[in-house]
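Results of the structural survey
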Amino acid sequence: CTIDVHARDVVVKSKILRSLNKTYANLKCKPMWVDINPNAVTTFELFGFINPATREWKDVLFSTVMRDLSNLTNDNPKWIMLNGDIDPMWIESLNTVMDDNKVLMLASNERVPLTPSMRLMFEISHVKAATPAAVSRAGILYVNPSDLGWNPLSDLAEFIEVASAGLS
């Protein structure tokens, strides 16, 4: 349910993910992709919080996105892309989403399920700050810079085009 795309080059990671998106589109699936930079906001702004003065729950970025995608009834792929290196402060809040429970547990006691068509994806440059729990719960695609030539991903895009034409 979780995929880490790990490479130093941002262009390579983005190209791989766009190729995956195009593959699904060629198969007549309409993937929905929501991109979030979790390092651009605080953990409270990412997952929500209870206002100590009013005791009211404040729903914010990740919790809103996950709930909205969870409520969609179609079976098309739904991806929450966390684009930015892993920070121990927010990755711990995703442990219950990434384990067998596949549920986001909010401080409001709400439980938001990760449906079978939903995936968490992390676009990262390293796993230095990732906890062992996070690493063990994710599939990691590592792109070694020494394996890349001048334009390796144009070959991938061409392959997808040819393969998709054969499926039609």
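No experiment lies behind these values; they were computed from the predicted model shown. (Residues numbered from 1 in each chain as written. Predicted model: local features only at pLDDT ≥ 70, side-chain atom pairs only at ≥ 80, totals over all residues. Heavy atoms only, no water.)

Glancing now at the overall build of the protein. Across its full length, the protein holds 7 helices and 9 strands. Across the 168 residues of the protein, 36% fall into the buried class. In the protein, of all internal contacts separated by at least 6 residues, the share reaching a separation of at least 24 is 73%. Working note: accessible area of the protein is about 9700 Å², and carbon and sulfur atoms make up 56% of it. (Helix = DSSP H or I, 4+ residues; strand = E, 2+ residues; numbered from the N terminus. Buried < 20%, exposed > 50% of the residue type's maximum accessible area, 1.4 Å probe, protein only. Contact = heavy atoms within 4.5 Å. Areas by Shrake-Rupley, 256 points an atom, 1.4 Å probe, with all protein chains shown as cover.)

On to the nonpolar core. Phe62, Met66, Ile80, Trp90, Leu94, Leu104 and Phe122 are the most contacted members of the largest nonpolar core, which totals 25 residues. Going through the elements one at a time, helix H2 (43-47), helix H3 (61-71), strand S5 (78-83), helix H4 (88-91), helix H5 (95-98) and strand S8 (118-124) are the ones with two or more residues in this core. (Core = buried A, V, L, I, M, F, W, Y, C linked by side-chain atoms within 4.5 Å.)

Evaluated as defined, the whole model comprises 2 salt bridges. Where Asp59 meets Arg67, a salt bridge forms, and the shortest distance between an N and an O atom there is 2.3 Å. Residue classification places Asp59 among the partly exposed positions, given a relative accessible area of 28%. Across the pair Glu110 and Arg67 runs a salt bridge, and its minimum N-O distance is 2.7 Å. Here Glu110 is found in the loop between strand S6 (103-105) and strand S7 (111-113), whereas its partner Arg67 is found in helix H3, with 43 residues between them in sequence. The exposure class assigned to Arg67 is buried, which follows from its relative accessible area of 16%. (Salt bridge = Lys/Arg side-chain N within 4 Å of Asp/Glu carboxyl O.)

In this section: unusual backbone geometry. Residue Lys102 is not a glycine yet carries a positive backbone phi of 50°. Judged by its relative accessible area of 34%, Lys102 falls in the partly exposed class.

With that settled, the discussion passes to the side chain of Asn95. Locating Asn95 in the fold gives a position in helix H5. Polar contacts involving the side chain of Asn95 include one to the side chain of Glu92, which spans 2.9 Å. Excluding residues that lie within four positions of it along the chain, Asn95 makes contacts with Ala133, Ala134 and Arg137. (Polar contact = N/O pair within 3.5 Å; in protein donor to acceptor, adjacent residues only side chain to side chain.)

For the rest of this paragraph, the subject is the environment of Cys29. Mapped onto the fold, Cys29 is located in the loop between helix H1 (10-26) and strand S2 (32-36). The spacing of Cys29 and Asn76 is 47 residues in sequence and 5.8 Å in space, taken between C-alpha atoms. When neighbours within four sequence positions are excluded, Cys29 is seen to be in contact with Tyr24, Asn76 and Pro77.

Our next topic: the packing of aromatic side chains. Enumeration over the complete set of coordinates arrives at 5 aromatic pairs. Here the aromatic rings of Tyr24 and Trp79 are separated by 5.6 Å at their centres, their planes lie at 65°, and the arrangement is edge-to-face. Taken together, the positions of Tyr24 in helix H1 and Trp79 in strand S5 put the pair 55 residues apart, joining distant regions of the chain. You can call Tyr24 partly exposed: its relative accessible area is 30%. Between the aromatic rings of Phe47 and Phe62, the centroid separation amounts to 5.5 Å while the plane-to-plane angle is 65°, which identifies the pairing as edge-to-face. Separated by 15 residues along the polypeptide, Phe47 in helix H2 and Phe62 in helix H3 bring together distant segments of the chain. The exposure classification of Phe47 matches that of Phe62, with both residues buried. Through a chain of ring-to-ring contacts, the aromatic side chains of Tyr24, Trp33 and Trp79 assemble into a single cluster. (Phe/Tyr/Trp six-rings, centres within 6.5 Å; stacked < 30°, edge-to-face > 60°.)

No statement about biological role is implied by the geometric values presented.
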